[in-house]
Amino acid sequence: MDTQSGTARRVGDIAPFHVMEVQTAARALEAAGRSVVHMEIGEPDFPTPAPVLAAARDALTDGGIYYTSALGIPELRQAIARHYAERFGVAIAPERVIVTAGSSAALLLVMALLVDRDEQIVLSDPGYPCNRHFVRVLEGEPVGVPVGPDTNYQLSAGLIERNWTARTRGVLIASPSNPTGTTVPPDEMRAIAATVARQGGRLIVDEIYLGLSYGSEPLSVLSLAGAAADDLFVVSSFSKYFNMTGWRLGWTIVPERHVRDVEKLAQNLYISPPTLSQRAALACFLPETLAILEQRRQAFRDRRDFLVPALRGLGFGIPVLPSGGFFVYADSSRFSPDSERFCRDVLEGAGVAITPGVDFGAHRASEHVRFAYTIEMAKLEDGVARLARYLAGR
Ligand SMILES: Cc1ncc(COP(=O)(O)O)c(C=O)c1O
């Protein structure tokens, strides 16, 4: 225990989301009558697709919103497995699919399954901040490995090999990534899977942004790893591609021999994923829903295609084109050596809210900011125009 705070020591190691502080400051400016362009928000601006809402209404009318199996309702597990076959061309046994309370719960379950005290999980720095905290809460040790443009801001087989120790238990990769929007190339992902298997470790791939890919056909690690795919852990979600953040629904695909253990953990940690959300999510895979989602994916792509060259034109460094998700991680060192201060100044001076790099790790964090393109094109254009005026007048 930490004698000063009276709380467990792990709590002191959990950092708050700085982006929330940006949001609070932005809302305060708005309350004072200023207009703010929000480029800090990490969720799609699109509402839940109409067929999903209709399915939720039907489920409510039927009533019967009871606990489900901790693994999720069988129809949804089957529908997710079918989606992998249809969208990503890979056959997954539905028994391997476990529906969870957001991918956040999936990450917690997988870490709880794998990590013992003082065991290490290798992560990219920058990366999604909660990952290191999941490992820490379980008394493991997150090992952030600095990554940059030379490896698409992602871990590589070489980096994993060099950072492997006797205490390494596994590797967690998000591809496409938050905050960089970059993807691990297929050959590199194969090499990573082979390296981790050779070391006797476990590979966990967070594919929450895979549906929002803008390059060539999106490839799940499950279709890349060959026979090793049976031993992989994949984490994904209804939050981003399916525009269902607040429904708190995700899933994980685990090796078949671990399903029973993950079930035990889920039963004890939260009993079952939200029932109404599961019934609603069955409508995610209807052709009419997928047609809506594909239009929205195109809208995200158009926004990226506008934003990246516009920011480069202003002097931000974006050496690798983001290929998925809805974030741009930009080098802001030309404007300031202190990105937290820069974000405060940009909010105050330009009325544009962006997130400082410190939210995503330590490596060159003070030289980077994250832009989210989760607002409509006219607002993005306004945001860029504001930034241009502000930066020219400094
Ligand atoms: C890379 C990544 N993984 C996981 C999550 C968690 O999302 P959820 O719990 O809504 O599925 C997020 C949310 O922003 C994310 O960016």
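Basis of the calculations
- Residues numbered from 1 in each chain as written.
- Predicted model: local features only at pLDDT ≥ 70, side-chain atom pairs only at ≥ 80, totals over all residues.
- Heavy atoms only, no water.
- 1 Å grid on protein atoms, 1.4 Å probe; cavity = no way out; pocket = protein on both sides within 12 Å on 5 of 7 lines; lining within 4 Å.
- Points joined across faces, edges and corners; volume = space filled by probe spheres on them.
- Helix = DSSP H or I, 4+ residues; strand = E, 2+ residues; numbered from the N terminus.
- Nonpolar A, V, L, I, M, F, W, Y, C, P; charged D, E, K, R; others polar.
- Disulfide = S-S within 2.5 Å.
- Expected span 1.5 Å × (residues − 1).
- Contact = heavy atoms within 4.5 Å.
- Near = heavy atom within 4 Å.
- Polar contact = N/O pair within 3.5 Å; in protein donor to acceptor, adjacent residues only side chain to side chain.
- Areas by Shrake-Rupley, 256 points an atom, 1.4 Å probe, with all protein chains shown as cover.
- Sits in = over half its atoms within 2 Å of the grid points.

(A) Spatial organisation of empty space enclosed by the protein. Using the criterion set out here, one finds 3 cavities of 30 Å³ or more in the structure. The volume enclosed by the largest cavity comes to roughly 100 Å³. When residues of the lining of the largest cavity are traced back to their parent elements, those giving at least two are helix H4 (74-88) and strand S7 (233-237). Considering every element that reaches the lining of the largest cavity, the biggest residue donor is H4, with 4 residues. Residues of the lining of the largest cavity, tallied by class, amount to 7 nonpolar, 4 polar and 2 charged. Size it by volume and the second largest cavity reaches roughly 40 Å³. Among the residues making up the lining of the second largest cavity, the classes are represented as 7 nonpolar, 2 polar and no charged.

(B) Seen up close, the state of the cysteines. On inspection of all chains with the given rule, the structure shows 0 disulfides. With no disulfide of its own, cysteine 343 lies closest to cysteine 130 among cysteine sulfurs, the gap being 18 Å.

(C) Expanded view of helix H8 (residues 186-198). If you check H8, its first and last C-alpha atoms are 18 Å apart, about what 13 residues at 1.5 Å a residue would give, namely 18 Å. On its buried side, H8 packs onto helix H7 (157-162), strand S5 (168-174), strand S6 (202-206) and helix H9 (221-224). Glycine 200, located one to two residues past H8, shows a positive phi value of around 80 degrees.

(D) Representation of the site of the ligand in the model. Within the structure, the ligand sits among Gly102, Ser103, Ser104, Tyr128, Asn178, Asp206, Ile208, Tyr209, Ser237, Ser239, Lys240 and Arg248. Interatomic distance of 2.7 Å between a side-chain N/O atom of tyrosine 209 and an oxygen atom of the ligand. Side-chain polar atom of serine 237 to an oxygen atom of the ligand: 2.7 Å apart, as the coordinates give it. Notes on the ligand: free accessible area 400 Å², of which the protein chains cover 93%. Of the pockets mapped on this structure, the ligand occupies the largest pocket.

(E) Representation of the layout of surface pockets within the structure. Roughly 650 Å³ of volume is contained in the largest pocket. Taken together, 32 residues form the lining of the largest pocket, with Phe17, Gly42, Glu43, Tyr128 and Lys240 sitting closest to its centre. Contributions of two or more residues to the lining of the largest pocket are made by helix H2 (18-31) and helix H5 (102-114). Classifying every residue of the lining of the largest pocket by side-chain character gives 12 nonpolar, 12 polar and 8 charged.

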